[in-house]
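Close look at the chain arrangement
Here is how the chains run, residue by residue.
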Amino acid sequence: MSHTNLITLNRWLLSETHKDLAHRLEMANLMQGIQLACKITNNAIKRAGFEQLFGLAGITNVHSEDVKKLDIIANDAFKMALKSTREVFCMVSEEEDSIIPVPEGQSGNFVITFDPLDGSSNLDCNVSVGSIFGVWPKISSDKNFSEKDVLRKGRDMIASGYALYGSATMLVLTLGNGVFGFTLDNTVGEFILTHSHMTIKHKGQIYSINEGNSVYWDKSTQNYVNHIKSNEGGKTPYSSRYIGSMVSDVHRTLLYGGIFMYPADSKSPQGKLRFLYEVAPLSFIVEQAGGKSSDGKTACLDLVPKNIHQRNPVFMGSSHDVSLLEKFHAEHT
Ligand code: AHG
Ligand code: MN
Ligand code: MN
Ligand code: MN
């Protein structure tokens, strides 16, 4: 394979000349931490079979989920790697009940939210999983954080992204100036730019939802899904694809178009996915790629969470498809 012009993530971050040098250096340093955490997590997943890392850790988290051993390994990796960048003011993790402080003297300017391992129910059967992160500028001027630093409007994010531990390991991110994909080249241990200015189709042909919940769906979701599955008027029914890890389903939606949905229903009145470290970061990516992300009525990025683990319904993907969903939603609420 010819290594003619490898653009590593580090080189790309430093060349982002639309930001002043000081900000570029801070962001490059912060992303070093994200890259390290993703490489550690990627390695642990690839070695899980030899090192008995599959299976449950024997504890439940704040969401009453059974925590996997790899959830903990990934969570520890993100906390360690991010603290050591000295760019982080405080953090929120899916796996931690409350806001994570940073030791005195290691504090920085950014608030980081992360889902260290997304789709962990897929781990033991070797189906792709991911990690998700969001970056906000801190608000507090003194050294103590408060809830106002983390209960933020999605639109205040300055960066977000995800790692996908799939057939290839990728880091997809945005700094607010388009979406870029980097693929891990294990021979050199670097994330290499492979997808510049990723954009999503205006309209897709794939819908992604857990049909096992259909008995709990409200009228608007029922009617919308029945509409896209039908061939009325000679239209082609949509294909169904559902992997069960949000990062994988959203990454496919980004590349192939269509709509990913986790609606509120009678079983999960707020939906299942968490705003700060699943919905908001991936909504930023989808909007930056020219798509839409909505709770059925409001753009997800315009929402402000009431608590750090707040859930909300989410419909994200091609703008035509999400807009049509919102029309069905408006007819039934
Ligand atoms: P996590 O593994 O971080 O807890 O997230 C799992 C989420 C998300 O990845 C996925 O879209 C959704 O759970 C799948 O939920 P269902 O199994 O209820 O469809
Ligand atoms: Mn979980
Ligand atoms: Mn998740
Ligand atoms: Mn998770």
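Everything numeric here is computed off the predicted structure, so don't read it as measured data.

1. Considering the packing of aromatic side chains
Under the definition given, this model contains four aromatic pairs. Plain terms: the ring middles of tryptophan 12 and phenylalanine 182 are 5.3 Å apart, the flat faces sit at 65 degrees to each other, and that makes the pair edge-to-face. With tryptophan 12 in helix α1 (residues 9-14) and phenylalanine 182 in strand β9 (residues 179-185), the pair connects residues that are 170 residues apart, well separated along the chain. Ring geometry for phenylalanine 78 and phenylalanine 114: centres 5.2 Å apart, planes at 20 degrees, overall stacked. With phenylalanine 78 in helix α3 (residues 69-83) and phenylalanine 114 in strand β5 (residues 110-118), the pair connects residues that are 36 residues apart, well separated along the chain. A residue is classified by how much of its surface remains accessible, and phenylalanine 78, at 0% relative accessible area, is buried. In textbook terms, an aromatic cluster arises when at least three aromatic residues are bridged by ring pairs, as seen for Trp12, Phe180 and Phe182. Positioned above the aromatic ring of phenylalanine 89 is the side chain of lysine 138, whose terminal nitrogen or guanidinium carbon lies 4.7 Å from the ring centre.

2. Observations regarding the coordination of the manganese ion (ligand 3)
Coordination of the manganese ion (ligand 3) by the protein is provided by Asp115 (OD), Asp118 (OD) and Glu278 (OE), with metal-donor distances spanning 1.9 to 2.1 Å. Counting along the primary sequence, the residues that act as donors to the manganese ion (ligand 3) give the motif D-x2-D-x159-E.

3. Considerations on the coordination of the manganese ion (ligand 2)
Of the protein atoms, only Glu65 (OE) and Glu94 (OE) coordinate the manganese ion (ligand 2), at distances of 2.1 to 2.2 Å. Here the manganese ion (ligand 2) and the manganese ion (ligand 3) are spaced 5.4 Å apart. You can see glutamate 65 sitting in the loop between β1 (56-60) and β2 (66-68) and its partner glutamate 94 sitting in the loop between β3 (88-93) and β4 (100-101), a full 29 residues away along the chain. By relative accessible area, which is 23% here, glutamate 65 ends up partly exposed.

4. Thoughts on the environment of asparagine 210
Structurally, the position occupied by asparagine 210 is in the loop between β11 (206-208) and α5 (219-229). For the pair formed by asparagine 210 and methionine 261, sequence separation is 51 residues and the distance between their alpha carbons is 8.2 Å. Apart from the residues lying within four places of it in its own chain, the contact partners of asparagine 210 are Trp217 and Tyr242. Polar side-chain contacts of asparagine 210 include one of 2.8 Å to the backbone nitrogen of glycine 212.

5. What about the nonpolar core?
Formed by 43 residues in total, the largest nonpolar core has its most connected members in Trp12, Met31, Leu82, Ile112, Leu171 and Phe182. Formed by 40 residues, the second largest nonpolar core is a distinct cluster that contains Phe89, Cys90, Val111 and Leu276.

6. Here we look at the UniProt feature "domain: Fructose-1-6-bisphosphatase class 1 C-terminal" (unreviewed entry) in the protein
Here, UniProt's "domain: Fructose-1-6-bisphosphatase class 1 C-terminal" (unreviewed entry) annotation points to residues 200-329. In residues 200-329, the share of helix is 36% and the share of strand is 12%. The end C-alpha atoms are 23 Å apart.

7. What about the UniProt feature "transmembrane region" (unreviewed entry) in the protein?
Those places that UniProt annotates as "transmembrane region" (unreviewed entry) correspond, in this numbering, to residues 162-184. A distance of 13 Å separates the end C-alpha atoms of residues 162-184, which is 0% helix and 70% strand.

8. As for the packing of α5 against helix α8 (residues 319-331)
Two elements in contact, α5 and α8, have axes whose closest approach is 8 Å; the angle formed by their N-to-C orientations is 135 degrees. Put simply, α5 runs oblique to α8. As for the relative orientation of α5 and α8, their crossing is right-handed in sense. On the side of α5, the interface is formed by Ser220, Asn223, Tyr224 and His227, while α8 contributes Asp321, Leu324, Leu325, Phe328 and His329.

9. Side note on the sheet that holds strand β13 (residues 259-262)
As summarised here, the arrangement of the five strands in space is β12-β11-β13-β15-β14, forming an open sheet in which the pairing is mixed. The open sheet is flanked by β12 (239-240) and β14 (292-294), the only strands paired with a single partner. Contacting β13, β14 and β15 (314-317), α8 runs over the sheet at an angle of about 25 degrees to β14.

10. Focus: the pairing of β3
With six of six residues buried, β3 lies mostly within the body of the structure. Looking at chain direction, β3 and β5 are connected through five bridges and run parallel. Each residue of the ladder has a partner; that of valine 88, found in β5, is phenylalanine 110. Taken together, the two bridges between β3 and β4 define a ladder with antiparallel strand orientation. Considered in β4, the bridge of cysteine 90 is made with proline 101. Linking two consecutive strands that pair antiparallel, namely β3 and β4, is a turn of six residues.

What counts, and at which threshold
Residues numbered from 1 in each chain as written. Chains lettered and ligands numbered in written order. Predicted model: local features only at pLDDT ≥ 70, side-chain atom pairs only at ≥ 80, totals over all residues. Heavy atoms only, no water. Phe/Tyr/Trp six-rings, centres within 6.5 Å; stacked < 30°, edge-to-face > 60°. Helix = DSSP H or I, 4+ residues; strand = E, 2+ residues; numbered from the N terminus. Buried < 20%, exposed > 50% of the residue type's maximum accessible area, 1.4 Å probe, protein only. Lys NZ or Arg CZ within 6 Å of the ring centre and 35° of its normal. Donors = N, O, S within 2.8 Å, 3.2 Å for Na, K, Ca; no water. Contact = heavy atoms within 4.5 Å. Polar contact = N/O pair within 3.5 Å; in protein donor to acceptor, adjacent residues only side chain to side chain. Core = buried A, V, L, I, M, F, W, Y, C linked by side-chain atoms within 4.5 Å. UniProt positions renumbered as here; feature names shortened; annotations may be inferred. Axes fitted to C-alpha atoms, helices over the stretch in contact; angles between N-to-C directions. Parallel < 35°, antiparallel > 145°, perpendicular 65-115°, else oblique. Left-handed = near helix turned anticlockwise from the far one by under 90°. Pairing = 2+ DSSP bridges.

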